[in-house]
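# Residue-level structure breakdown
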Amino acid sequence: MMGRSRNRRRKQQKLVNLDWTELPRGVLEIIFERLTVTDCISVSDVCKAWRHVVAQELAGWQSRGVPWLMMPGKDTEVRTCISILQKQHWDIVLPEAYGRYCWGSYQDWLILVKHIDCFYLEISLLNPFSRNKTDLPKTWNFYHKIVLSGLPILENYVCMLVHSQCRELSFWVPGAESWLKHKLDGEPFEDAVFCDGSFYLISNDYNIWQIKSANIFASIRTYDAYEVKIDCHEVIMSEEQENSGVLKYLVESCGELLLVCRLYNTKAEAILETHDFKVYSLDFSLMSWKRVHDLGDKILFLGKCCSRSVSSTELGVAMRNCIYFSNDHAAPWWNEWDSDHLYGISARHNLNNAGRKDWGVFSLGNGTHEDFCFRGNRDRWGPIWLTCPQWWCCRKLAVNRYSN
């Protein structure tokens, strides 16, 4: 027995004396690939060698990250970002964003817009972490949203401008000198998203338009908008719905197309007051919206300009089956530059803005939700969602540690 005890102590002593920084990178990669995003950020603080593996050498390191909220602020170089899940905030210096509105994001890329002479928009795609930037051709200030099919570092992504009320679309791909315009027939649509090789738009009556990205590339090569093939699908809604007081969001979730209905109060005195959410999944085989009562480990992040779905398991957080949402205006076609009058509106009209917020969270597993009520901030435009990459969090943690 004493011999076994001595052997155990020797093994433990060897582990204590082991230089963990000299572990082979292949071994570290195998270990770290099994960790969540939050765990990877934590272990990156052990030493420089581990940080380098976590931040630059793991498979898929460029796509992993933490959801942030970026607060509005056109007339400043500093943008405040809030990491709700990490309960931290960061001030990011972005001289490229001065005088520009943040029109949404695609993963860790911002969509910046400069409003020129009340007629034109200058649009640029900026990665605030790598500082890569892409300028897009000018266009009319007619649109209210832009949807991307992929990261701007790719060669074959598509940008689609949308104006829902006028059913107007416009397409651009890298190398094109101008936008290709197209007008849809039928009723206005409310939101658009890219999912599994196609753009999808949802109409007021819950039907779907589908535009394959391959068809857009073919049309731009010939510069013929009439060649853009658009499929219109009549979709059955499994439950009776009201269009009044419903804000619709389309969300891509692991190849699944989700519809999130945000129910708000239509009374003038209850502006920006949300009282319920309903989630549906599109059954492509039956072309019907099926009610979703449990999102599993997914967390949805909703916003007028951009929405996304994130795995709580991959993030390493306890929250699941819930919806984080920003303070969106009820009219989908409104832009931030149309809303400068909001700043200070409560004081001017003697309205009570106390307790009103810029964002909220809704749990789908909370019974009937009869008591849920979110009152949005009247006095400013809502924030946008942005993904802060894992590698940036690791480096920022190291800078903060060694600077203190």
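Residues numbered from 1 in each chain as written. Predicted model: local features only at pLDDT ≥ 70, side-chain atom pairs only at ≥ 80, totals over all residues. Heavy atoms only, no water.

Now for the nonpolar core. One finds W103, M160 and L201 to be the most contacted residues of the largest nonpolar core, which totals 40 residues. If sequence neighbours within four positions are ignored, W103 has contacts with I111, V113, L121, I123, Y143, H144, K145, I146, L161, C305, N335 and W337. Counting 32 residues, the second largest nonpolar core, distinct from the first, contains C81, L126, W391 and C393. (Core = buried A, V, L, I, M, F, W, Y, C linked by side-chain atoms within 4.5 Å. Buried < 20%, exposed > 50% of the residue type's maximum accessible area, 1.4 Å probe, protein only. Contact = heavy atoms within 4.5 Å.)

With antiparallel pairing, the four strands of this open sheet are ordered in space as β3-β2-β1-β27. Among the strands making up the open sheet, the edge pair consists of β3 (88–93) and β27 (384–389). Strand-to-strand, the axes of this sheet are offset by a mean angle of 40°, without reference to chain direction. Relative to β27, strand β1 (residues 65–70) runs antiparallel, the two being bridged by six bridges. Each residue of the ladder has a partner; that of P67, found in β27, is T387. (Pairing = 2+ DSSP bridges. Helix = DSSP H or I, 4+ residues; strand = E, 2+ residues; numbered from the N terminus. Axes fitted to C-alpha atoms, helices over the stretch in contact; angles between N-to-C directions.)

Let us now look at the packing of aromatic side chains. Enumeration over the complete set of coordinates arrives at 20 aromatic pairs. Taking the centre distance of 4.9 Å and the plane angle of 50° together, the rings of F277 and F325 count as tilted. Residue F277 is located in strand β20 (residues 273–283), and its partner F325 is located in strand β24 (residues 322–326); the two are separated by 48 residues in the primary sequence. Classification of F325 by relative accessible area gives buried; the value is 0%. (Phe/Tyr/Trp six-rings, centres within 6.5 Å; stacked < 30°, edge-to-face > 60°.)

This paragraph deals with unusual backbone geometry. The phi angle at Q107 is positive, at roughly 50°, despite the residue not being glycine. On the secondary structure map, Q107 appears in the loop between β4 (101–106) and β5 (109–116). Residue Q107 is classed as partly exposed on the basis of its relative accessible area, which comes to 29%.

Reading across from one edge, β23-β22-β24-β25 is the order of the four strands in this open sheet, with mixed pairing throughout. Lying at the two open borders of the sheet, with one neighbouring strand each, are β23 (308–311) and β25 (359–363). Geometrically, the sheet is characterised by an average inter-axis angle of 20° between neighbouring strands, direction not taken into account. Two elements, β24 and β25, share five bridges in a ladder whose sense is antiparallel. Within the sheet, the bridge partner assigned to I323 lies in β25 and is F362.

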